[in-house]
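In case you want the letters, here they are:
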Amino acid sequence: MARSNSADLQALTFEIDRFYSDESELLERADYTAWAELLDDELVYVMPQTEFVDRRVNRDLDYIGAHSFDEDKASVLNRIKWLLGGPTPEVPATKRRMLVTNVRVLAVHDNGEVDTDSKFLVWEMRSNGRSATFIGHRRDTLRSNGEGWKIVRRTAVLDSAVLPKSFTNFF
């Protein structure tokens, strides 16, 4: 699946951007069962903690293994099971909006995998009136299975060093 010319790269970028739009819609609706179908069986899903060195520089701590979460597909499915059937489901449910933008294809591999980079903004409003905004970027490896894309690896980096204590989002 080597894509060599700019028209092919543009078409691939559009296709992946559309994939991310569809994924965002599933997460906004909290349709976690359908979203889980987008995850490859070899999934690695991490959120490195962020270190603020000075006003101009912040960096993620992935290089030393400091993660807010580090999951495989089984642990993501367990978290989904907890969200869907937990002891205290949200009523009314949290309202969410997710924007994914600045999608770039970084590399295309012969095995059908594509490395991407994107930015995200997630806003949520809980039933108690509290809202939260999460901004960051993602580095993904996607794999084409002939019918669509699967997420093989996702590294989601927040532009914030602190997560709320009731954090349940997927990015």
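As shown above, the structure is provided for reference.
Everything in this summary refers to the structure shown in the same document. Everything numeric here is computed off the predicted structure, so don't read it as measured data.

**Let's talk about the nonpolar core**
Grouped together as the largest cluster of nonpolar side chains are 31 residues, with contacts concentrated most on Ile-16 and Trp-35. Broken down by element, the residue count for this core peaks at 6 residues, all from helix H1 (residues 6–28). If we ignore the near neighbours within four places in the chain, the residues touching Ile-16 are Val-103, Val-105, Val-114, Thr-116, Leu-142 and Trp-149.

**With respect to the pattern of salt bridges**
Within the structure shown, the criterion is met by 16 salt bridges. Here the salt bridges do not stand alone but share partners, grouping Glu-23, Arg-138, Asp-140 and Arg-154 into one network.

**Side note on the pairing of strand S8 (residues 149–158)**
In the case of a regular strand, side chains alternate between the two sheet surfaces. Most of S8 is tucked away: 9 of the 10 residues are buried. Here strand S1 (residues 39–48) pairs with S8 via 4 bridges, running parallel. Opposite Val-44, over in S8, you have Arg-153 as the bridge partner. Of the pairings in the sheet, the one linking strand S7 (residues 131–144) to S8 comprises 9 bridges and is antiparallel in character. Along S8, the bridge assignment pairs Arg-138 with Ala-156. Where S7 hands over to S8, the hairpin turn is made up of 4 residues, of which Gly-146 adopts a positive phi near 90 degrees.

Analysis parameters
As a convention, each chain's residues are numbered from 1 in the sequence order in which they are written. Note on the predicted model: pLDDT of at least 70 is required for a residue's local features to be given, and 80 or more for side-chain atom pairs to be given and counted; whole-chain, interface and lining totals, by contrast, use all residues. Hydrogens and water are ignored here; the side-chain numbers use all heavy atoms of the structure. The set of buried Ala, Val, Leu, Ile, Met, Phe, Trp, Tyr and Cys residues whose side-chain atoms join them within 4.5 Å is what this entry labels a nonpolar core. For each residue, the accessible area found with a 1.4 Å probe, counting protein chains only, is set against the maximum for its type, and the residue is called buried under 20%, exposed over 50%, and partly exposed in between. Runs of E in the DSSP output that reach at least two residues are strands. Runs of H or I that reach at least four are helices, and both are numbered from the N terminus. Working rule for contacts: check all heavy atoms of both residues, and any pair within 4.5 Å makes them a contact. Just to be clear on terms, a salt bridge is a Lys or Arg side-chain nitrogen sitting within 4 Å of an Asp or Glu carboxyl oxygen. Note on pairing: DSSP must find at least two bridges between two strands before they are called paired.

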